[in-house]
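Observations on the model geometry
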Amino acid sequence: MRSTFIAGVAVVLAASTAAAQEVTLRAVSSFAEGTEFSKNFERFIEKVNADGKGLIKINYIGGPRAVPPFEVGNAVRTRVVDIANVTGAFYTNLMPEADGFKLNGKPMNEQRQNGTWEYINQLHNQKLNSYYLARQFHNVPFHIYLNKKIDKIDFSGLKIRVTPVYRDVVEALGGTPITTAPGEVYTALERGVADGYGWPVTGIFDLGWDKVTKFRMEPPFYSVEVNVLVNLDSWKALNDAQRKVLSDAALWLEGLDSEKVAVIKAERERQAAAGIQALDFGPAASKAFLDRANDVAWQSVIKRAPESGPKLRQLAGN
Ligand code: 173
């Protein structure tokens, strides 16, 4: 009797000490493992696991084979996972204004100082039950890639693969948008279901799209945003030291954006070497396109999010 009691106390003590020592968080990415928009998140995980030894550990479940891209936001909201690497474009069903994050290309140190991070964190707390730990790729733009040559910036008669990032601008310029996850882009192009697609300037080689891509339309537009979100209950359950490991690694992760200047230059050269031709219609047409792209996107965000849309626009300053 007495010995059972002592053993019981010992078990409880061992369990609580272990909990205070190291917590394990489950992570997924909305992009394929090892590809451009997962790579830095994977480096972040390695850093957390090294710096947080004995305190916090991230168990990386993987990419879209684990959770479909458009369900990752909901998975972090409901704590099916604790941490996710995901673009706002993939959770506009839960947070329509997430489509507006692409319209802010200011460096994250500036966004953290001028209240943007805090405001977007509040939106995530409220609508996604999550903590907005980091935003990556502020300095990486998007393009429209095409397989049919156009002689002006007009998508009439073209079917273009989109996500919410490109939908409004494709429609505004007369194209027919077709929404797919990244995993379906190759097949859509190969079968001619799509005549083109939206994607950042980087990453088209990862899934072999160079083999099914003829043109990259200029100019580059918007700003990629891929966020690291932590389920809010998981975040609150951490102690200060554990949160500090994540927060420090988050700032380090945002700093990796500085590498992208060289990566973008190399990627454009690699596309040219692969025979992908730039379609450039000159400064006037480019400016008209950028103005239109900006206008239609803000209109759409503000229509769907009448309160937070204008606030996001004011913070973005465009
Ligand atoms: O094209 C996409 O799938 C998309 O919206 C996106 C967003 C951020 C990074 C890469 C792709």
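For the structure itself, consult the block above.
Our subject in this report is the structure included herewith.

Basis of the calculations
Residues numbered from 1 in each chain as written. Predicted model: local features only at pLDDT ≥ 70, side-chain atom pairs only at ≥ 80, totals over all residues. Heavy atoms only, no water. Near = heavy atom within 4 Å. Polar contact = N/O pair within 3.5 Å; in protein donor to acceptor, adjacent residues only side chain to side chain. Areas by Shrake-Rupley, 256 points an atom, 1.4 Å probe, with all protein chains shown as cover. Helix = DSSP H or I, 4+ residues; strand = E, 2+ residues; numbered from the N terminus. Nonpolar A, V, L, I, M, F, W, Y, C, P; charged D, E, K, R; others polar. Pairing = 2+ DSSP bridges. Right-handed = clockwise from strand over helix to strand, strands pointing away.

Focus on the site of the ligand
The full set close to the ligand counts 16 residues, and Arg 161, Thr 163, Val 165, Tyr 166 and Trp 199 are the nearest of them. Here Arg 161 contributes a side-chain N or O atom positioned 2.8 Å from an oxygen atom of the ligand. A total of 300 Å² of accessible area belongs to the ligand in isolation, and the protein chains cover 100% of it. Broken down by secondary-structure element, the contributors of at least two residues to the shell around the ligand are helix H6 (164-172) and strand E8 (196-200). No other element matches E8, which puts 3 residues into the shell around the ligand. Partitioned by chemical class, the residues of the shell around the ligand number 12 nonpolar, 3 polar and 1 charged.

As for the pairing of strand E1 (residues 23-29)
Sheet analysis places E1 next to strand E2 (residues 56-62), joined by 6 bridges and oriented parallel. Within E2, the position partnered with Val 23 by the bridge is Ile 56. Since E1 and E2 lie parallel, the crossover through helix H2 (residues 36-51) that links them has a hand, and here it is right-handed. Sheet topology places E1 next to strand E3 (residues 83-86); 3 bridges connect them, and they run parallel. Across the sheet, Val 28 pairs through a bridge with Ala 84, a residue of E3.

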